[in-house]
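In case you want the letters, here they are:
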Amino acid sequence: MRRERWMALFFALGSACFLIGPFPGYAQLVGASADAVTFFVGSILFTAGGALQTFIAFPERHSGGSGRAAWWAAVVQSAGTLFFNVTTYQALHTSITNPNYNRLVWRPDAFGSICFLVSGAIAYHASPRHGWLPVRGRPGWWEPSVNLLGCVFFAISAVAGYLVPSTGSVINLAAANLNTALGAACFLTCALATLLTGRTLKSPQLPRLHRLETDVKRDVERITKRD
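Here the residue numbering is sequential within each chain, running from 1 through the sequence in written order. The predicted origin of the model limits local features to residues at a pLDDT of at least 70 and limits the giving and counting of side-chain atom pairs to 80 or more, whereas totals for whole chains, interfaces and linings rest on all residues. Calculated side-chain values reflect all of the structure's heavy atoms, with hydrogen atoms and water omitted.

(A) Layout of the packing of aromatic side chains. Only the six-membered ring of Trp is used, alongside the rings of Phe and Tyr, when aromatic pairs are assigned; centres must lie within 6.5 Å, and planes under 30 degrees apart are stacked while those over 60 apart are edge-to-face, with the rest tilted. One pass over the structure, following the stated rule, counts 16 aromatic pairs. Here the aromatic rings of F18 and F84 are separated by 6.5 Å at their centres, their planes lie at 45 degrees, and the arrangement is tilted. Linking F18 in helix α1 (residues 3-20) with F84 in helix α4 (residues 66-97), this pair joins segments that are 66 residues apart in sequence. The rule is simple: take the accessible area with a 1.4 Å probe, protein chains only, and divide by the maximum for that residue type; under 20% is buried, over 50% is exposed, in between is partly exposed. The exposure class assigned to F84 is buried, which follows from its relative accessible area of 0%. Measuring from ring centre to ring centre gives 5.9 Å for F116 and F187, while their planes differ by 65 degrees; the resulting arrangement is edge-to-face. Of this pair, F116 sits in helix α5 (residues 110-126) while F187 is found in helix α7 (residues 170-197), placing the two residues 71 residues apart along the sequence. Accessibility classification places F116 together with F187 in one group, the buried group. Here a set of aromatic residues connected by ring pairs shows up, and it is made of F11, F18, F39, F46, F84, F116, F154 and F187. For a lysine, the NZ atom is tested; for an arginine, the CZ atom; a charge sits over a ring if that atom is within 6 Å of the ring centre and within 35 degrees of the ring normal. The side chain of R61 reaches across the aromatic face of F58, ending 3.6 Å from its centre. Put simply, DSSP H or I for four residues or longer makes a helix, DSSP E for two residues or longer makes a strand, and each gets a number counted from the N terminus.

Following this line, the structure appears as structure tokens:
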């Protein structure tokens, strides 16, 4: 497989872990400790995907435009996955050492969620747009939007999760779990699309191909008009 597909595979598996982990039925089925393991494994897979994304973007880090944006988006997102590694491990340790802890297995880390949100914003800003809206028609044109939406869901989940310990509200607990699952579903959708096509706007190669296609079309039109 191409590097982009390996990256997508890691992100898809990691997203699947964060998608099923928040569901109460899953936690009741496998137990709190196994649920915490699910989150921890998902964070490791996210880190592997982020590392590979950074490796793919590395050659274009000094180029302008989409190449530099892809590099910074990858670096910031990878930093966020490291924060998730720490908090999911802490949740795993808590669930093992304190069997009475059953309120919230894991909540998105605030720093990790901020990193994801910044990374998603960088990627969306660098993607082809008409004003604030994405340019439709090209393969994967919707990915930056869905990816940014997933980052927003994780940020909402982090805010709701931090309200749970102080209030004990079931509503806040449900909001944290729901938004974690929604964010993971957005990431999973993007990852599966890359697995199917082997192309993603997270890679600086695709925007470069789009620019080449645009230049070729412009040259063909110019030659046609001249003839």
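Here the narrative resumes.
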